[in-house]
Protein chains: 2
Amino acid sequence: MLICTGYGATSPSSPLAPLTFNRRDVGTSDIEIEIMFCGVCHSDLHFARDEWHFTQYPAVPGHEIVGRVKSVGEGVSRYKAGDLVGVGCMVNSCRTCTSCQEGLEQYCAEGLTGQTYGGTDNAINEPSKGGYSDRIVVDENFVLRIPENLDPAAAAPLLCAGITLYSPLRHWGAGPGKKVGIIGLGGLGHMGVKLAHAMGAETALFTTSASKVEDAKKLGASLAILSKDEAQMAEHAESFDLIIDTVSASHDLSPYFNLLKRDATMVQVGAPEHPLPIPVFPLLMRRRNFAGSIIGGIKETQEMLDFCGKHNIAAEIEMISIQKINEAYERMLKSDVKYRFCIDMATLKAG
Amino acid sequence: MLICTGYGATSPSSPLAPLTFNRRDVGTSDIEIEIMFCGVCHSDLHFARDEWHFTQYPAVPGHEIVGRVKSVGEGVSRYKAGDLVGVGCMVNSCRTCTSCQEGLEQYCAEGLTGQTYGGTDNAINEPSKGGYSDRIVVDENFVLRIPENLDPAAAAPLLCAGITLYSPLRHWGAGPGKKVGIIGLGGLGHMGVKLAHAMGAETALFTTSASKVEDAKKLGASLAILSKDEAQMAEHAESFDLIIDTVSASHDLSPYFNLLKRDATMVQVGAPEHPLPIPVFPLLMRRRNFAGSIIGGIKETQEMLDFCGKHNIAAEIEMISIQKINEAYERMLKSDVKYRFCIDMATLKAG
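Note that the coordinates shown come from a computational prediction; the quantities given were computed from them, not determined experimentally.

Caption draft 1: Representation of the environment of valine 269 of chain A. Along the polypeptide, valine 269 of chain A turns up in the loop between strand E16 (260-268) and strand E17 (276-278). For valine 269 of chain A, a relative accessible area of 10% gives the class buried. Counting along the chain gives 161 residues from valine 269 of chain A to cysteine 108 of chain A, while the straight-line C-alpha distance between them is 18 Å. Residues within four places of valine 269 of chain A in sequence aside, it is in contact with Thr164, Leu165, Pro168, Leu188, Ile244, Asp245, Thr246 and Ser293 of chain A together with Leu284 of chain B.

Caption draft 2: Geometry of the pattern of salt bridges. Residue and element names in this part refer to chain A. Under the criterion given, the structure shown has 48 salt bridges over all chains. For aspartate 121, the salt bridge is made with arginine 24, and the minimal N-O distance between the two is 3.2 Å. Of this pair, aspartate 121 sits in strand E8 (residues 120-121) while arginine 24 is found in the loop between strand E2 (17-23) and strand E3 (30-40), placing the two residues 97 residues apart along the sequence. The exposure class of arginine 24 is buried, given its relative accessible area of 17%. Note that glutamate 327 is salt-bridged to lysine 324, the shortest N-O span being 3.7 Å. Residue classification places glutamate 327 among the partly exposed positions, given a relative accessible area of 45%. On the basis of relative accessible area, lysine 324 is assigned to the partly exposed category, the value being 41%. Within the structure, one salt-bridge network assembled from shared partners comprises Glu32, Lys70, Asp134 and Arg135.

Caption draft 3: Highlighting the interface of chain B and chain A. If you look at the interface, chain B gives 37 residues, while chain A gives 37 residues. Carbon and sulfur atoms supply 61% of the area that chain B and chain A bury against each other, a total of about 3200 Å² over both sides. Of all residues in chain B, Arg262, Leu284 and Arg287 of chain B bury the most surface against chain A, accounting for 22% of the area lost on that side. Where chain B packs against chain A, one counts two salt bridges. The shortest N-O distance in the salt bridge between glutamate 102 of chain B and arginine 262 of chain A comes to 2.7 Å. Seen at the junction of chain B and chain A, the total is 14 residue pairs in polar contact (both at pLDDT 80 or more).

Caption draft 4: View of the sheet that holds strand E15 (residues 240-245) of chain B. Taken in spatial order, the twelve strands make up an open sheet running E14(A)-E13(A)-E12(A)-E15(A)-E16(A)-E18(A)-E18(B)-E16(B)-E15(B)-E12(B)-E13(B)-E14(B), and their pairing is mixed. Each of the sheet's edge strands pairs with one partner strand only, and the pair in question is strand E14 (223-226) of chain A together with strand E14 (223-226) of chain B. Ignoring strand direction, the axes of neighbouring strands in this sheet form an average angle of 20°. Pairing geometry for strand E16 (residues 260-268) of chain B and strand E18 (residues 289-292) of chain B, over four bridges, is parallel. Looking across to E18 of chain B, one finds that valine 267 of chain B is bridged to alanine 291 of chain B. Helix H4 (residues 161-171) of chain A rests against strand E12 (179-183), strand E15 (240-245) and E16 of chain A together with E16 of chain B of the sheet, and its axis sits at about 155° to E15 of chain A.

Caption draft 5: Seen up close, unusual backbone geometry. Residues and elements named next belong to chain B. Cis geometry is adopted by the peptide bond preceding proline 58, which originates at tyrosine 57 and carries an omega value of 0°. You can see proline 58 is positioned in the loop between helix H1 (42-48) and strand E4 (65-72). The omega angle of the peptide bond from lysine 338 to tyrosine 339 is -15°, so this bond is cis rather than trans. Positive phi outside glycine occurs at glutamate 238, with the angle close to 55°. Within the secondary structure, glutamate 238 is located in the loop between helix H7 (230-235) and E15. With relative accessibility at 32%, the residue glutamate 238 sits in the partly exposed group.

Caption draft 6: Here's a closer look at helix H11 (residues 325-333) of chain B. All buried positions along H11 of chain B are accounted for by Ile325, Ala328, Tyr329 and Met332 of chain B. Within H11 of chain B, the buried residues cover an arc of 105° as seen down the axis, which keeps them to one side.

Caption draft 7: Representation of empty space enclosed by the protein within the structure. Residues and elements named next belong to chain B. For the coordinates displayed, the defined rule picks out three cavities of 30 Å³ or more. Considered as a void within the structure, the largest cavity measures approximately 70 Å³ in volume. Lining the largest cavity are Gly88, Cys89, Met90, Leu144, Leu159, Ile163, Ile295, Gly296, Ile298 and Thr301. Per-class residue counts for the lining of the largest cavity are seven nonpolar, three polar and no charged.

Caption draft 8: Expanded view of the packing of aromatic side chains. All names here are of chain B. Enumeration over the complete set of coordinates arrives at 14 aromatic pairs over all chains. Between the aromatic rings of tryptophan 52 and phenylalanine 54, the centroid separation amounts to 6.3 Å while the plane-to-plane angle is 20°, which identifies the pairing as stacked. Assessed through its relative accessible area of 38%, tryptophan 52 is described here as partly exposed. For phenylalanine 54, a relative accessible area of 36% puts it in the partly exposed group.

About the criteria used
Residues numbered from 1 in each chain as written. Chains lettered and ligands numbered in written order. Predicted model: local features only at pLDDT ≥ 70, side-chain atom pairs only at ≥ 80, totals over all residues. Heavy atoms only, no water. Helix = DSSP H or I, 4+ residues; strand = E, 2+ residues; numbered from the N terminus. Buried < 20%, exposed > 50% of the residue type's maximum accessible area, 1.4 Å probe, protein only. Contact = heavy atoms within 4.5 Å. Salt bridge = Lys/Arg side-chain N within 4 Å of Asp/Glu carboxyl O. Buried area = accessible area lost by both parts, 1.4 Å probe. Polar contact = N/O pair within 3.5 Å; in protein donor to acceptor, adjacent residues only side chain to side chain. Pairing = 2+ DSSP bridges. Axes fitted to C-alpha atoms, helices over the stretch in contact; angles between N-to-C directions. Arc of directions from axis to C-beta. 1 Å grid on protein atoms, 1.4 Å probe; cavity = no way out; pocket = protein on both sides within 12 Å on 5 of 7 lines; lining within 4 Å. Points joined across faces, edges and corners; volume = space filled by probe spheres on them. Nonpolar A, V, L, I, M, F, W, Y, C, P; charged D, E, K, R; others polar. Phe/Tyr/Trp six-rings, centres within 6.5 Å; stacked < 30°, edge-to-face > 60°.

Read these as geometric descriptors, not functional statements.
Structure, rendered in structure tokens:
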């Protein structure tokens, strides 16, 4: 086994702290990656604090991983030492169900069997550990290639925040001639604005905060709509082909449904803890849809990365040292970040 | 103007009683229909009692109308005296918006401007009156042809209950190789079971009532699932391509979402007064959809009637005289009808 170092939690109430842990040896189809950067997703915090009630400790979060290939198993053909690569939320799947066969491993019938952290590494029969660490061992089928023209730190959040928006934008047909709305300008939302704009859609940001209007426009939104302003909302009645809600907190979606065209879809990518009250009449009266979507498959994640390389798109990040991770969590809870924290993993050596 | 007779309410609390009222004269493109039968939809009751707060009195309900053409305007080419015809929820629309141009008048951008009752007949500037009456005058574009092989009384509910199920079944692809669920076996639900079966889908009824299992199978369901039985529900996890919820009362949809396949849709056709709490995780984890649908366009309604003629499908009805309408409303409130009341309009002459 490989002895690795990283930052993790040892109980729901303990702050993240340095620790050492095991990873499996590099198997035939495995790749060992030296981690350079790891994005900080809100779910890292949920996981570290056992807010989803499945955390096993010690818990090492991190699933927006970018690094360089350090070594490869003898059966690996697609990657070689030195390649710039990424790892997202998944490091395995059942590989046999219909969804896996169709390249939609995120909807694997077995559930997300191979989560980057919080799953099980069967080779060593231990809970899998995430990217807040020096290196990781991943099957080559779940490793992505990062375009060399992108800033590798800013590319890290593409592995979760990026694909979480890219996949529904593609699935529901965002592109030229389409009007797309993104609710919320956070880690997810700011990627939605950039990607929808790059796909050629007329892109609108919905926000409750006037202070975000200017930023949204810089990121590619041609419209920034204050969702509490009924007159502004009314101007856009029945004009949207797609609206993606990135807000996890429970909030009232009623005002948004009337903004959708007939047959158009509202997609939830944030994950509110409790059921959302959905008004039925706006759905009935225009055959509108309310749907959900999570991340994307491995094939689509590579497609997204190549798209981002071509359009020179990455996340807006605030770089932190691993020693600042607990402080970053507190700031994240107050939405005090533009728009994603990214850990410089070289700082791990400072202890 | 034509002086017509019918049954209507004069206030929210008054029972329906005989009355006379005006309809417009038969215009160039109009058809005068002698009404033979009129189905009784739950919304007739909502309307008569002003439960939707837009009723103008006197209010004559009825939008599941079947009769014979009595006279036609000089510009009418499609129908002649004696033809067996039907009228549903719509007697007009804006005719210019995208939805109207596409034959989806039910989603007219102006709203349902030409409701059979409760709209406005601009020709006489009076609230439109429905089918609980001796005759009706309707533009030929909103008149449907009833297949002569169907029992005209049992065909009447096709004009609302039938098309309300047919349209979403077609839109979301019910057919051979597909597994379709219908929630609730009432006026809408029993048509859903018959139609989905006739389309070639494997058809399941979800019910809370063991007493309906046998009926559902007679109507064409190959499965009848007791929705309160967790073990029965679990057997069908992730197996449905489409589920249509016909229940208007607020109820918990959570157990049904896990029964849908990836990318499958739950369609609401009942209209609950309050927002429905929709659990987000089952949507996210399989990219499932929750949608709404109302009736169908005129073109699709004719297609549905032709389909019913070909497959010899109509509603299961309990015939009543118009004098029993108030009693029928009370029984409808207790779901004491299998499965649709239909008024024999010849009884109107009894006073």
